[in-house]
Amino acid sequence: MSLWELFIIAVGLSMDAFAVSICKGLSVGRVSPRHALTCGVWFGGFQALMPAVGWLLGTRFQGLITTVDHWIAFVLLCIIGGNMLRESFGEEEEEVSASFSPASMLPLAVATSIDALAIGVTFAFLSVDIGPAVSLIGMTTLVLSAIGVKVGGLFGDRWKAPSERFGGAVLILMGCKILLEHLGVLVL
């Protein structure tokens, strides 16, 4: 998997954290650099940790399912992307606390990074070098989450749904690309 493809996946994965960061920016009266950094570190850290955990799990089972690994990658990416798209069109509004305490940030960081766990499993099947991959995912999420807090403070709720739609579409397209490459339909 190329660096460009990893970056595209990193951006797609970070869209949930970006959307929640927008909500965090909305929840505080005045956004400070500390708010942006707090969201960035929490969300970026967990977005880096979860694929590493998924990769460790995936490498333990890789030998058992190498004949269908591309189908697993395709299905996982499509489910994650489809869920992001579905949520972006949902009518329910998420309530996000104005607190940036660990008790408030931990559940949000875990919730926004669950998708990254499945991506880590996919990385194991695709033999991705996990160190650079999780570093890129973590740093991309850190930067986009910090930007999200600022966007939330400036523009409000307007960018939440489009960012989730973009992230979902990117993950579905990457899943299709992986499947088509393994089937020999797409040769790059």
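Below or above, wherever it landed, is the structure these notes cover. Counting from 1, residues in each chain are numbered in the order their sequence is written. Two thresholds apply to this predicted model, a pLDDT of at least 70 for residue-level local features and 80 or more for giving and counting side-chain atom pairs, whereas whole-chain, interface and lining totals are computed over all residues. Values reported for side chains reflect all heavy atoms of the structure, with hydrogen atoms and water molecules removed beforehand.

Tallying secondary structure elements over the chain gives six helices and zero strands in all. Only DSSP runs of H or I reaching four residues or more are called helices, and only runs of E reaching two or more are called strands; each is numbered from the N terminus. Each helix and strand of the chain, ordered N terminal to C terminal, gives the series α-α-α-α-α-α. With a 1.4 Å probe rolled over the protein chains alone, any residue whose accessible area is under 20% of its type maximum counts as buried; one over 50% counts as exposed, and the rest are partly exposed. Taking all 188 residues of the chain together, the buried fraction comes to 48%. The contact criterion used throughout is that any non-hydrogen atoms of two residues lie within 4.5 Å. Restricting the contact set of the chain to residue pairs at least 6 apart, pairs at least 24 apart contribute 92%. Areas reported here follow the Shrake-Rupley algorithm with a probe of radius 1.4 Å; residue values treat only the protein chains shown as occluding. Of the roughly 9100 Å² that the chain leaves accessible, carbon and sulfur atoms contribute 70%.

It is worth spelling out the pattern of salt bridges at this point. Take a side-chain nitrogen of Lys or Arg and a carboxyl oxygen of Asp or Glu: if they are within 4 Å of each other, that pair is a salt bridge. By the definition in use, this model includes one salt bridge. Between glutamate 5 and lysine 177 there is a salt bridge, with the nearest N and O atoms lying 2.1 Å from each other. One end of the pair, glutamate 5, is in helix α1 (residues 3–27); the other, lysine 177, is in helix α6 (residues 160–182), with 172 residues separating them in the sequence.

Axes, fitted as lines to C-alpha atoms, cover a helix only where it is in contact. Angles between the N-to-C directions of the axes lie from 0 to 180 degrees. Contact pair α1 / helix α4 (residues 102–125): the axes reach a minimum separation of 11 Å and the direction vectors enclose 165°. Taken together, α1 and α4 sit at an angle that is classed as roughly antiparallel. At the point where α1 passes α4, the crossing takes the right-handed sense. Contacts between α1 and α4 involve Leu6, Ile9, Leu13, Asp16, Ala17, Val20 and Lys24 on the former and, on the latter, Ser104, Met105, Leu108, Thr112, Asp115, Ala116, Ile119 and Phe123. In what follows, roughly perpendicular refers to angles from 65 to 115 degrees, roughly parallel to angles under 35, roughly antiparallel to angles over 145, and oblique to any angle outside these ranges. Should the near helix be turned anticlockwise from the far one by less than a right angle, the crossing is termed left-handed; should it be turned clockwise, right-handed.

Looking now at the side chain of threonine 112. You can see threonine 112 is positioned in helix α4. Judged by relative accessible area, which is 6%, threonine 112 ranks as buried. Beyond its immediate sequence surroundings of up to four residues, threonine 112 is in contact with Asp16, Ala17, Val20, Phe43 and Gln47.

It is worth spelling out the packing of α1 against helix α5 (residues 130–154) at this point. Two elements in contact, α1 and α5, have axes separated by 7 Å at closest approach and are oriented at 30°. Viewed along their axes, α1 and α5 form a crossing whose handedness is right-handed.

The next thing to look at is the packing of aromatic side chains. Two rings from Phe, Tyr or Trp (for Trp, the six-membered ring) form a pair when their centres sit within 6.5 Å of each other. Planes less than 30 degrees apart are called stacked, planes more than 60 degrees apart edge-to-face, and all others tilted. Under the criterion given, the structure shown has three aromatic pairs. Measuring from centroid to centroid gives 6.1 Å for tryptophan 42 and phenylalanine 46, while their planes differ by 10°, and the two rings are stacked. Linking tryptophan 42 with phenylalanine 46, this pair stays in helix α2 (residues 33–61), spanning four residues, or about one helical turn. For tryptophan 42, a relative accessible area of 23% puts it in the partly exposed group. The ring of phenylalanine 100 carries lysine 24 above its face, with NZ or CZ at 4.7 Å from the centroid. Throughout this description, the term charge over a ring refers to an Arg CZ or Lys NZ atom that lies within 6 Å of the ring centre and within 35 degrees of the ring normal.

Any helix carries an expected span of 1.5 Å times its number of residues minus one. Its 24 residues place the ends of α4 34 Å apart at the C-alpha level, agreeing with the 34 Å of an ideal helix rising 1.5 Å per residue. To obtain the bend at a residue, axes are fitted to the seven residues ending there and to the seven starting there, and the angle between these axes is taken. Helix geometry: α4 is bent most strongly at serine 113, by close to 40°. Phi for serine 127, located one or two positions after α4, is positive at around 55°.

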